Amino acid sequence: MGEMEQSSDSDVEPPMSSETFPELWNMIEGSNLMNPDLEEALTLNWQAQEEFLDPPFAQEGGNNALWPGAEGALSLDVPGGTTSSTVPSTEDYAGEYSFELMFEQTGTAKSVTCTYSRDLKKLFCQLGKTCPVLVKVGSSPPEGSFIRAMAVYMKSEHVAEVVKRCPHHERAPEYREDGVPAEHLIRVEGNKHAQYYSDMNTKRHSVVIPYETPQVGSEFSTILYSFMCNSSCMGGMNRRPIQAILTLESQEGKLLGRRSFGVRVCACPGRDRRMEEENTRKAPRGERSKRAGAPPENGPEKKLMAGTSKNTEDTYTLEVGQVHLHRLLWCSCLFGW
């Protein structure tokens, strides 16, 4: 009897293998053995799993599709707001709450990973490095307000396009993070409440965090941003200049304040900032010279040799001290050498 049981067990495949499970399920479903309440519960559970696994977004808020964030994140019902516009405004707007941004001054040393230029109103940073942004308001905004960060192209011929990472950095495992969509350029570090959105109409990407009041004794609250693709990457920004737009919005989607600044993601932020500032200082002088009618610095008059004249009728005398040089010059003039 024991031998029969052993041989029969060996002929049976494991019931939960990938090949036999559908057959087993059909057998149970075809019979009347399943409790109707159990069947409904299993069906709902399976549908819930399919919805969770259906990429890339699981929830929707207004006109935005929400990427499933980290466990424990606050659930924000965020309206479309600034991402719904085909051409988002980049004009600064302090609003009634005096919304302001400030940056730490780090200079232009070769070792810096993030530096901000007040003259250019531009942030220079390395790929994936932390960029602290200080947020200040004159008075506390309404409860439930949030701060949204979004990147847009600066030139009019590119402004309607969505700023995305290049395919290489999207697939690079060292730049991937759980709960963050791979194609998003801007990330928030150290904030478990950060949520990433993609507008259903314009497809623009944004990251949203709840507004946090400054700590006691401080005027600012700090947000740690990072930019996950180089400005020069082919298939991504491809050397096209971009701006980051930070907006303070109410829970209903009303714009309370807006600030923008240029961004360049590069290997040497200090060097690039210094070069751009120097080029900007030179440009106004050239423009003033042109408006004043002054000749250009590298024009024809700068190329004239000393002792020459624009008047072709002037006569000059050349003294030669040696006979053979005099004959050589005379022959060259006579025969056109």
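Undergrad: Help me out: how do you make sense of the overall build of the chain in this one?
TA: Secondary structure summary: the chain contains seven helices and 13 strands in total. Looking at the 337 residues of the chain, the share that counts as buried comes to 35%. The long-range fraction of contacts in the chain, counting pairs at least 24 apart against all pairs at least 6 apart in sequence, stands at 68%. Taken as a whole, the chain presents about 21900 Å² of accessible surface, with 52% of it coming from carbon and sulfur.

Undergrad: Honestly, the sheet that holds strand β3 (residues 100–102) in this entry has me stumped. Any pointers?
TA: For sheets, the rule is that strands pair by backbone hydrogen bonds, running either parallel or antiparallel. Across the sheet, which stays open at both edges, the four strands sit in the order β3-β6-β11-β8 with antiparallel pairing between neighbours. Pairing within the sheet leaves two strands with one partner each, and these edge strands are β3 and β8 (186–188). On average, each strand axis in the sheet is inclined to that of its neighbour by 35°, with strand direction left out of account. With five bridges connecting them, strand β6 (residues 131–136) and strand β11 (residues 221–227) associate as antiparallel partners. When the sheet's bridge partners are listed, P132 is paired in β11 with L224.

Undergrad: Would you mind showing me how to read the pattern of salt bridges here?
TA: In a structure, side chains of opposite charge can pair up when their charged atoms sit close to one another. Scanning all chains against the criterion turns up eleven salt bridges. When the shortest N-O distance is used, the salt bridge between E177 and R187 registers 3.6 Å. Separated by ten residues along the polypeptide, E177 in the loop between α4 (167–171) and β8 and R187 in strand β8 bring together distant segments of the chain. Classification of E177 as partly exposed rests on a relative accessible area of 41%. Classification of R187 as buried rests on a relative accessible area of 4%.

Undergrad: Which parts of the structure should I look at to understand the packing of aromatic side chains?
TA: Note on aromatic pairs: each is described by the distance of the centres and the angle between the planes. Under the criterion given, the structure shown has two aromatic pairs. Ring geometry for F103 and Y116: centres 4.0 Å apart, planes at 10°, overall stacked. Of this pair, F103 sits in the loop between β3 and β4 (114–117) while Y116 sits in strand β4, placing them 13 residues apart in sequence. Both residues of the pair, F103 and Y116, count as buried. Classification of F103 by relative accessible area gives buried; the value is 11%. Grouped by ring-pair contacts, the aromatic residues F103, Y116 and F261 constitute a single cluster.

Undergrad: Any chance you could explain the pairing of strand β9 (residues 195–199) here in plain terms?
TA: Across a regular strand the side chains alternate sides, sitting on one face of the sheet and then on the other. Here β9 lies mainly inside the structure; five of its five residues are buried. Every second residue of β9 is oriented toward a common face, with Q195, Y197 and D199 on one face and Y196 and S198 on the other, all of them buried. Pairing analysis gives four bridges linking β9 to strand β10 (residues 205–210), with the strands arranged antiparallel. Each residue of the ladder has a partner; that of S198, found in β10, is H205.

Undergrad: Is there a simple way to explain unusual backbone geometry in this structure?
TA: Glycine aside, the phi torsion of most residues is negative, and most peptide linkages are trans. Here the phi dihedral of S98 falls at roughly 50°; this positive angle occurs in a residue that is not glycine. Following the sequence through the fold, S98 ends up in the loop between β2 (64–66) and β3. Using a relative accessible area of 32% as the deciding quantity, one classes S98 as partly exposed.

Undergrad: Would you mind going over the confidence of the model for the chain with me for this structure?
TA: Per-residue confidence for the chain gives a mean pLDDT of 78; residues scoring 70 or more make up 61%. Highest mean pLDDT in the chain belongs to strand β5 (residues 122–125) (98); lowest belongs to strand β1 (residues 59–61) (37). Across residues 1–10, confidence stays below pLDDT 50; counting only partners more than four residues off in sequence or on other chains, it has zero contacts. Every residue in residues 288–306 is under pLDDT 50, and counting partners more than four places away or in other chains gives six contacts.

Undergrad: Any chance you could explain the environment of L120 here in plain terms?
TA: Along the chain, the position of L120 falls in the loop between β4 and β5. In sequence terms L120 and E276 are 156 residues apart; their C-alpha atoms lie 8.1 Å from each other. Excluding its chain neighbours within four sequence positions, the residues that come into contact with L120 are R273, E276, E277 and T280.

Undergrad: Help me understand the side chain of H184 in this model?
TA: Tracing the chain through its elements places H184 in the loop between α4 and β8. What makes H184 buried here is its relative accessible area of 1%. Ignoring anything within four residues of it in the chain, the contact list for H184 reads R165, Y196, Y197, H205, S206 and M228.

Undergrad: Help me understand the state of the cysteines, please; the structure alone is not making it clear to me.
TA: One way to say it: the disulfide is the covalent bond shared by the sulfur atoms of two cysteines. This model, assessed by the stated rule, comprises zero disulfides. Unpaired in this structure, C114 has its nearest cysteine sulfur neighbour in C131, at a distance of 3.4 Å. Not engaged in a disulfide, the cysteine C229 finds its nearest cysteine sulfur in C166; these two sulfurs lie 3.6 Å apart.

Calculation notes
Residues numbered from 1 in each chain as written. Predicted model: local features only at pLDDT ≥ 70, side-chain atom pairs only at ≥ 80, totals over all residues. Heavy atoms only, no water. Helix = DSSP H or I, 4+ residues; strand = E, 2+ residues; numbered from the N terminus. Buried < 20%, exposed > 50% of the residue type's maximum accessible area, 1.4 Å probe, protein only. Contact = heavy atoms within 4.5 Å. Areas by Shrake-Rupley, 256 points an atom, 1.4 Å probe, with all protein chains shown as cover. Pairing = 2+ DSSP bridges. Axes fitted to C-alpha atoms, helices over the stretch in contact; angles between N-to-C directions. Salt bridge = Lys/Arg side-chain N within 4 Å of Asp/Glu carboxyl O. Phe/Tyr/Trp six-rings, centres within 6.5 Å; stacked < 30°, edge-to-face > 60°. pLDDT = per-residue confidence, 0-100. Disulfide = S-S within 2.5 Å.

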